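Single-letter residue listing:
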Amino acid sequence: MVELLKMTTATQRKKAIRDAGYNTFLLKSEDVYIDLLTDSGTSAMSDRQWAGMMRGDEAYAGSRNYYNFENAVRKYYGYKYLIPTHQGRGAENILSKVLIKKGDIVPGNMYFTTTRLHQELAGGTFADIIIDEAHDPHSLHPFKGNVDLEKLDKLVKKYGAKKIPYVSIATTVNMAGGQPVSMKNLKDLRSYTRKHRIRIIHDMTRVAENAYFIQQREKGYQNKSIKEIVFEICSLTDGATMSAKKDALVNIGGFMATNEWDVFEEARNLVVVYEGLHTYGGLAGRDMEAIAIGIEESVNDKHQQARVGQVEYLGNKMIDYGIPIVKPIGGHGIFVDAKAFLPHLNQDQYPAQTLAAEIFIESGVRTMERGIVSAGRKPNGDNYYPKLELVRFTIPRRVYTQAHMDVIAEATAEVFRRRNKVRGLKMVYEPKYLRFFQARFEHL
Ligand SMILES: *Cc1c(COP(=O)(O)O)cnc(C)c1O
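Quantities reported herein were computed from a predicted structural model and do not represent experimental measurements.

In this section: the environment of Gly-330. In this structure, Gly-330 sits in the loop between helix H12 (301–320) and strand S9 (333–337). Residue class for Gly-330 comes out buried when judged on its relative accessible area of 3%. As a C-alpha pair, Gly-330 and Phe-213 span 117 residues in sequence and 9.1 Å in three-dimensional space. Those residues in contact with Gly-330, other than ones at most four positions away along the chain, are Gly-177, Gly-178, Gln-179, Phe-213, Val-308 and Val-311.

The buried fraction of S9 amounts to five of the five residues, a majority that puts the element mostly inside the structure. Across five bridges, the pairing between S9 and strand S12 (residues 390–394) is antiparallel. Along S12, the bridge assignment pairs Phe-335 with Arg-392.

Now for the site of the ligand. In the vicinity of the ligand there are 14 residues, among which Gln-87, Arg-89, Asp-203, Ser-243 and Lys-246 approach most closely. Here an oxygen atom of the ligand sits 2.9 Å away from a polar atom, N or O, in the side chain of Gln-87. In the environment of the ligand, an oxygen atom lies 2.6 Å from a nitrogen or oxygen atom belonging to the side chain of Ser-243. The pocket occupied by the ligand, as judged from atoms lying within 2 Å of grid points, is the second largest pocket. With three residues, helix H4 (residues 88–99) is the largest single contributor of residues to the shell around the ligand. Residues belonging to the shell around the ligand are distributed by class as follows: one nonpolar, seven polar and six charged.

Split into domains, the protein chain comes out as domain 1 (10–32 + 301–443) and domain 2 (47–298). Placing the centre of domain 1 and that of domain 2 at their C-alpha centroids yields a distance of 26 Å. Contact with domain 1, which involves 32 residues of that partner, is made by 42 residues of domain 2. Carbon and sulfur atoms supply 56% of the area buried between domain 1 and domain 2, which totals about 2,900 Å² over both sides. Taken together, domain 1 and domain 2 are joined by three salt bridges. Across the salt bridge formed by Glu-209 and Arg-397, the nearest N and O atoms sit 3.0 Å from each other. For the interface between domain 1 and domain 2, the tally reads 17 residue pairs in polar contact (both at pLDDT 80 or more). Looking at the side of domain 1 that touches domain 2, the elements that each hand over two or more residues are H12, S9, helix H15 (372–375) and S12. Among the elements that make up the side of domain 1 that touches domain 2, the one with the highest residue count is H12 (seven residues). Split into classes, the residues belonging to the side of domain 1 that touches domain 2 amount to 15 nonpolar, seven polar and ten charged.

Analysis parameters
Residues numbered from 1 in each chain as written. Predicted model: local features only at pLDDT ≥ 70, side-chain atom pairs only at ≥ 80, totals over all residues. Heavy atoms only, no water. Helix = DSSP H or I, 4+ residues; strand = E, 2+ residues; numbered from the N terminus. Buried < 20%, exposed > 50% of the residue type's maximum accessible area, 1.4 Å probe, protein only. Contact = heavy atoms within 4.5 Å. Pairing = 2+ DSSP bridges. Near = heavy atom within 4 Å. Polar contact = N/O pair within 3.5 Å; in protein donor to acceptor, adjacent residues only side chain to side chain. 1 Å grid on protein atoms, 1.4 Å probe; cavity = no way out; pocket = protein on both sides within 12 Å on 5 of 7 lines; lining within 4 Å. Sits in = over half its atoms within 2 Å of the grid points. Nonpolar A, V, L, I, M, F, W, Y, C, P; charged D, E, K, R; others polar. Domains from an automatic or database assignment. Buried area = accessible area lost by both parts, 1.4 Å probe. Salt bridge = Lys/Arg side-chain N within 4 Å of Asp/Glu carboxyl O.

Dropping the structure here:
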């Protein structure tokens, strides 16, 4: 499928972003030239997936497509029991309700917005146990998604293993810039958690991209396929949540999976309250078929090589222009360091939010903020002040060409040249939950 792109003038873009409260989530897609807001649900489906869409079995219960979905999850990920959900956060809601009790601590390799909120709404407190290097945009550590086992051990000593229902492990770590976890780290974490009888729950939204990095960077994995590596990663964990809108190449869908019958039984009961019957969980039969096929396509070695290769192409162009980005280059996008890009703005002037708006004005390229706005507030109302203040250029899979990447890098370089003249923002409207989606700003 091809789509006409709309070219706009700088005057039109200035008006569009002002009307959107300087929040790229509030822009109309029509006004966007190249859309790098997210890689979620924005990938192009394959001919095989579209053929699968035509074979939707829209029965209320026991759809054929559900069983194909279940088979794909068992075959490629190895988890025993599947709960389909409308997307990742639907799975996080159910999982958090089943496993977290008030007062529990949930350690994780950096927070993710919706994941942490569901943990907090269930009465838990998130604790960051990622290695320090993850918070440093300059560190070249090859596995910045790794867990610091000493940080975890301190929590276990302080609160006791009984207060920790599970460790939450994301592959790759979105908020750190799409950075991978190593197999060795997962194995060490597995032996530690086995000893203390703590589960590992896997946020496997980008597990195939993580597997690609293991294949490229970790000793002993050069000759293993992505398919084998993905399966091994999953085998080191007890259950998972997934947004199929990323790795699995669909426009909508997700799931929760577990190897524990008791957890499955309770989740299967809750899914009918929040999502739909346990054999569709808020999805049409055709959507489940597209996921089943997308899971298979996501573990193709050539696909991941092209996917991550395109992201690296853009990243290296940016580096050539001298633009400060998070290194090593991550799996699903380029993360520009807004603190280094706009050093004259302090964090309360929203440097990343400002930069995303400027890039749109310059070029019609839509990016998004991953800094203080995304971090939101603690349950007591104080702002979180994340070390990383980033603008995310997320690349949809199988959508854009290398020529688009050139335009994106040139536009960013243009803003970089006039960076000293860029003014910050103030927030004029703040929603209570996940404020980055709907907050509004004005120029200072
Ligand atoms: C997108 C995402 C989620 C949430 O999934 P949705 O499908 O957007 O609800 C959870 N974790 C990570 C790492 C994600 O990138």
